[in-house]
Protein chains: 2
Amino acid sequence: METASKDLIIEKTANSKIAQVDFDNLPFGKVYSDHMLVCEYKNGAWQTPKIQPFGPLSLDPTAKVFHYGQSIFEGMKAYKDENGKVFLFRPEENYKRFNISSERLAMPAVPEEVFMNGLNELLKLDSDWIPTTPGSSMYIRPFGFASGSGLHASPADEYTFAIVLAPSGSYFAGKVKVKIEERYSRSANGGVGFAKAGGNYAGQFYPTQLAVDEGYQQVIWTDDTSHEYIEEAGAMNVFVRINDTLLTCPTSDRILDGITRKSILDIAKAEGIATEVRKISVKEIIEAAENGSLKEMFGAGTAAVVSPINAFGFRGTDYDLPELNDSYANRLKKRMTDIQYNKSEDPFGWRVEVK
Amino acid sequence: METASKDLIIEKTANSKIAQVDFDNLPFGKVYSDHMLVCEYKNGAWQTPKIQPFGPLSLDPTAKVFHYGQSIFEGMKAYKDENGKVFLFRPEENYKRFNISSERLAMPAVPEEVFMNGLNELLKLDSDWIPTTPGSSMYIRPFGFASGSGLHASPADEYTFAIVLAPSGSYFAGKVKVKIEERYSRSANGGVGFAKAGGNYAGQFYPTQLAVDEGYQQVIWTDDTSHEYIEEAGAMNVFVRINDTLLTCPTSDRILDGITRKSILDIAKAEGIATEVRKISVKEIIEAAENGSLKEMFGAGTAAVVSPINAFGFRGTDYDLPELNDSYANRLKKRMTDIQYNKSEDPFGWRVEVK
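Conventions and cut-offs
- Residues numbered from 1 in each chain as written.
- Chains lettered and ligands numbered in written order.
- Predicted model: local features only at pLDDT ≥ 70, side-chain atom pairs only at ≥ 80, totals over all residues.
- Heavy atoms only, no water.
- Helix = DSSP H or I, 4+ residues; strand = E, 2+ residues; numbered from the N terminus.
- Buried < 20%, exposed > 50% of the residue type's maximum accessible area, 1.4 Å probe, protein only.
- Areas by Shrake-Rupley, 256 points an atom, 1.4 Å probe, with all protein chains shown as cover.
- Lys, Arg positive; Asp, Glu negative; His and termini not counted.
- Charge placed at Lys NZ, Arg CZ, Asp CG, Glu CD.
- Contact = heavy atoms within 4.5 Å.
- Buried area = accessible area lost by both parts, 1.4 Å probe.
- Polar contact = N/O pair within 3.5 Å; in protein donor to acceptor, adjacent residues only side chain to side chain.
- Nonpolar A, V, L, I, M, F, W, Y, C, P; charged D, E, K, R; others polar.
- Pairing = 2+ DSSP bridges.
- UniProt positions renumbered as here; feature names shortened; annotations may be inferred.
- Least-squares fit on C-alpha atoms with pLDDT ≥ 70 in both.
- Phe/Tyr/Trp six-rings, centres within 6.5 Å; stacked < 30°, edge-to-face > 60°.
- Lys NZ or Arg CZ within 6 Å of the ring centre and 35° of its normal.
- Salt bridge = Lys/Arg side-chain N within 4 Å of Asp/Glu carboxyl O.
- Expected span 1.5 Å × (residues − 1).
- Domains from an automatic or database assignment.

**Overview of the overall build of chain A**
Okay, so step 1: Counting its regular elements, chain A contains seven helices and 21 strands.
Okay, so step 2: Taking all 355 residues of chain A together, the buried fraction comes to 59%.
Okay, so step 3: Here chain A has roughly 13,700 Å² of accessible surface; of this, 46% comes from carbon and sulfur atoms.
Okay, so step 4: Side chains of chain A give 39 positive and 48 negative charges; the mean places of these two sets differ by 1 Å.

**Let's talk about the interface of chain B and chain A**
Okay, so step 1: Between chain B and chain A, the residue contacts involve 58 residues of the former and 57 residues of the latter.
Okay, so step 2: In this assembly, chain B packs against chain A so that about 4,800 Å² is buried in total across both faces, 65% of it on carbon and sulfur atoms.
Okay, so step 3: Of all residues in chain B, the largest losses of buried area upon contact with chain A belong to Phe66, Leu151 and Phe205 of chain B, amounting jointly to 15% of the total for that side.
Okay, so step 4: On the surface where chain B and chain A come into contact, there are 25 residue pairs in polar contact (both at pLDDT 80 or more).
Okay, so step 5: Elements that contribute at least two residues to the side of chain B that touches chain A include exactly strand 6 (57-59), helix 1 (64-68), strand 7 (71-73), helix 2 (91-104), strand 10 (137-146), strand 11 (159-168) and helix 4 (198-213) of chain B.
Okay, so step 6: When residues in the side of chain B that touches chain A are grouped by element, the largest group, eight residues, is from helix 4 of chain B.
Okay, so step 7: When grouped by side-chain class, the residues that make up the side of chain B that touches chain A number 31 nonpolar, 21 polar and six charged.
Okay, so step 8: Two strands pair when backbone bridges link them, and strand 6 (residues 57-59) of chain A and strand 6 of chain B are joined in this way by three bridges, in the antiparallel orientation. Looking at strand 6 of chain B, one finds that Ser58 of chain A is bridged to Ser58 of chain B.

**With respect to the UniProt feature "modified residue: N6-(pyridoxal phosphate)lysine" (unreviewed entry) in chain A**
Residues and elements named next belong to chain A.
Okay, so step 1: According to UniProt, the "modified residue: N6-(pyridoxal phosphate)lysine" (unreviewed entry) feature falls on Lys196.
Okay, so step 2: Note that Lys196 resides in the loop between strand 12 (176-180) and helix 4 (198-213).
Okay, so step 3: Aside from chain neighbours lying at most four places away, what touches Lys196 is Ser71, Ile72, Phe73, Glu74, Gly75, Arg97, Ser101, Tyr201 and Leu256.

**Quick look at the relation of the copies chain B and chain A**
Okay, so step 1: Take chain B, turn it by 180 degrees, move it 0.0 Å along the axis, and it overlays chain A with an RMSD of 0.0 Å. Taken together, the rotation angle and the small translation identify this as a two-fold axis.
Okay, so step 2: By residue overlap, the copies meet face to face through one surface: 98% of the interface positions of chain B are interface positions in chain A.

**Considerations on the packing of aromatic side chains**
Where two aromatic rings form a pair, the distance of their centres and the angle of their planes describe that pair.
Okay, so step 1: Taken as a whole, this structure holds 46 aromatic pairs over all chains when the rule is applied.
Okay, so step 2: Considering the side-chain rings of Tyr79 of chain B and Tyr341 of chain B, the 4.8 Å spacing of their centres and the 70 degrees angle between planes classify their relative orientation as edge-to-face. Within this pair, whereas Tyr79 of chain B is found in strand 8 (residues 76-80), its partner Tyr341 of chain B is found in the loop between helix 7 (328-340) and strand 21 (351-354), the two being separated by 262 residues in sequence. There is no split in this pair, since Tyr79 of chain B and Tyr341 of chain B are both buried.
Okay, so step 3: By way of ring pairs, the aromatic residues Tyr68 of chain A together with Phe73, Tyr201 and Phe205 of chain B are connected into one cluster.
Okay, so step 4: Over the aromatic face of Tyr328 of chain A sits the side chain of Arg241 of chain A, whose NZ or CZ is 3.7 Å from the ring centroid.
Okay, so step 5: Across from the ring centre of Tyr229 of chain A, 4.2 Å away, lies the NZ or CZ of Lys279 of chain A, which sits over that ring.

**A few points about the side chain of Lys80 of chain A**
Residue and element names in this part refer to chain A.
Okay, so step 1: Mapped onto the elements, Lys80 comes out in strand 8 (residues 76-80).
Okay, so step 2: Although Lys80 is buried, it forms no salt bridge, and the closest oppositely charged side chain is Asp128 at an N-O distance of 4.9 Å.
Okay, so step 3: A polar contact of 2.8 Å, which involves the side chain of Lys80, links it to the backbone oxygen of Ser127.
Okay, so step 4: Each residue touching Lys80, except ones within four places of it in the same chain, is listed here: Lys85, Val86, Ser127, Asp128, Ile130, Pro131, Thr132 and Tyr341.

**Side note on helix 7 of chain B**
All names here are of chain B.
Okay, so step 1: Counted at 1.5 Å a residue, the expected span for helix 7 with its 13 residues is 18 Å, and the 18 Å between its end C-alpha atoms agrees.
Okay, so step 2: For helix 7, the set of buried residues is Tyr328, Ala329, Leu332, Met336, Thr337, Asp338, Ile339 and Gln340.
Okay, so step 3: Positioned one or two residues after helix 7, Asn342 has a phi angle of 60 degrees, which is positive.

**Re the domain arrangement of chain A**
All names here are of chain A.
Okay, so step 1: By domain assignment, chain A separates into domain 1 (2-168) and domain 2 (176-340).
Okay, so step 2: Taking the mean C-alpha position of each, domain 1 and domain 2 sit 28 Å from one another.
Okay, so step 3: Buried surface at the junction of domain 1 and domain 2, both sides included, amounts to about 1,700 Å², of which 61% is carbon and sulfur.
Okay, so step 4: If you look at where domain 1 meets domain 2, you find one salt bridge.
Okay, so step 5: Salt-bridge contacts for Glu93 lead to Lys262; the nearest nitrogen and oxygen are separated by 2.8 Å.
Okay, so step 6: Applying the counting rule to domain 1 against domain 2 returns eleven residue pairs in polar contact (both at pLDDT 80 or more).
Okay, so step 7: Those elements that place two or more of their residues in the side of domain 1 that touches domain 2 are strand 7 (71-73), strand 8, strand 9 (86-89) and helix 2 (91-104).
Okay, so step 8: Looking at the side of domain 1 that touches domain 2, the element that brings in the most residues is helix 2, giving six residues.
Okay, so step 9: A per-class count over the side of domain 1 that touches domain 2 returns ten nonpolar, four polar and six charged.

**A word on the pattern of salt bridges**
All names here are of chain A.
Okay, so step 1: Going through the model one piece at a time under the given rule, you end up with 42 salt bridges over all chains.
Okay, so step 2: Measuring nitrogen to oxygen at the nearest pair gives 2.7 Å for the salt bridge that ties Glu276 to Arg278.
Okay, so step 3: Each of Glu93, Lys96, Asp257 and Lys262 takes part in a single network of salt bridges with overlapping partners.

**A look at the pairing of strand 8 of chain B**
Residues and elements named next belong to chain B.
Okay, so step 1: Here strand 8 lies mainly inside the structure; five of its five residues are buried.
Okay, so step 2: Pairing geometry for strand 8 and strand 10, over three bridges, is antiparallel. When the sheet's bridge partners are listed, Ala78 is paired in strand 10 with Met138.
Okay, so step 3: Sheet topology places strand 8 next to strand 9 (residues 86-89); three bridges connect them, and they run antiparallel. Pairing of Tyr79 across the sheet is with Phe87, part of strand 9.

As structure tokens, this is what we get:
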């Protein structure tokens, strides 16, 4: 069945897969809902977006995404409350950042109507797919890539924007041992580290695997010039608690302006927690670990919300962090997820209902 | 018609497009031959490679190449001589570098048999497509990307290796005005700049467009830490001639180990040209331009071979380079292309006949 309006074409699936899904045992980002949004950019303009059955994309082998890495994405979630209402969390921030990434990758900006209305209609159509078991949510993946073809190393003339939905259980958010990395780097000054560009992730896999081989689960990236300052934790922003002060590094052209990061800063301030946004040196962290003032470290991002770190390694020495009963990590995660799942007031005005 | 051996399946096209091609007016990298090689990596092993009609690839929308940038490539050429013999130029160097890139991007190494035998058979099958007008050649694009799906930010479990062929006219190799870039950077210390990774190219497009808007055609990249040293010219290695000495910067984890670059160094040495491989500061170039000792600058890469630079801009001031009758650029390009097209002896043993 296909319905069309001026702004959106909807082609519903004839064969829903929903009965095949075990919603009590959802993995993260591996099960996809019945539909996806696709919108193509051709001849200098975005075409009418289409919601269609989830399925393969067909691309010329010389599509520039395969050769020149023009690809960006966002990570979002939709949450269903006890009454079946569905909410997004600060979606306008994802939309804005998507186009900040677009610009840096020389890709055309996606219109707000295509992104926001498309996402809203897609979520309504597949709302039965939004899981409700504790910790689960609908992971949302808007992405864009160069579908135009040609082997000349220059921007493509055609692009595809798409959104897929993955009903997901909790991202692994157990405590992890991380390695402070001094040889490999995530991003350059004047590079694309602040963008959610595909290439930023591919470059992390090999150094992360080396760290895994050494017994760590993740890497703490440092600046590529001096390796004296920490920047991100794996693919997340990083927070450090020294005594009772919560620290995180300032965003830059190397560091992603994380939505979870800034939300946590706002919640912490509202909770009366002292926060500082400033460069954090490896030396300071080591000293704090040695003198007992280092209380917590955690990563922050959409997928895991907060991912506590229970030990870190630096130049072959491992430093354990204390086990706290009332950690900032747990407290901030609870405040934030309570807002996200409509279990508490939303003093910041972050929730947006899908209707 | 499909033929198969243990090592290679060949499915020939029923409808050759060759009659539709104007071989006297070939663009660069926009016309493709009848066939392509495709080989998939699944369940921990490379499957039997297949030569098949050139056509679209079908991919899951959550294939990791769209999201996490695992994509690499090589650029090569095949040359047809007066007698119809076909040659490759140092193909083993491309093969080696392809797997150096693979490793850094956490992708599985491609077996030599798949790459080399596949390329050889593909070129034989589409040998009528290799152009012979002056300056033209068969541009060869081996590439690999993550075709395995999943939204978890980790390496894919399936990959595709492919080779497409593009009969091509001369790459634009006219003289260009370049901007020495101090704000944006191409690569980080400890990053992936030495790899032919897609993401390295996407990150260059926006700064290059800004330079184009200012009246330049390309960018000279400098190191991301101090911006005091030049590194690459657009997507090519860069050479500078001061008085009669030919300089190029050493390769590093930020700078591609170009095959044209090292071949030019070898030819220059054989020609009795003084060469130096060392860091080249912007300050030195400006001083040499001002005192008249800066004779030439040029980019070097497979597509254009040598791309002379006739002016550069730095902090808003443009510096012209002299017009030389007997430039190193022209002399080295001629020596190199004479070897490539079998018009001269090959003292270095670089030519490999396709047969």
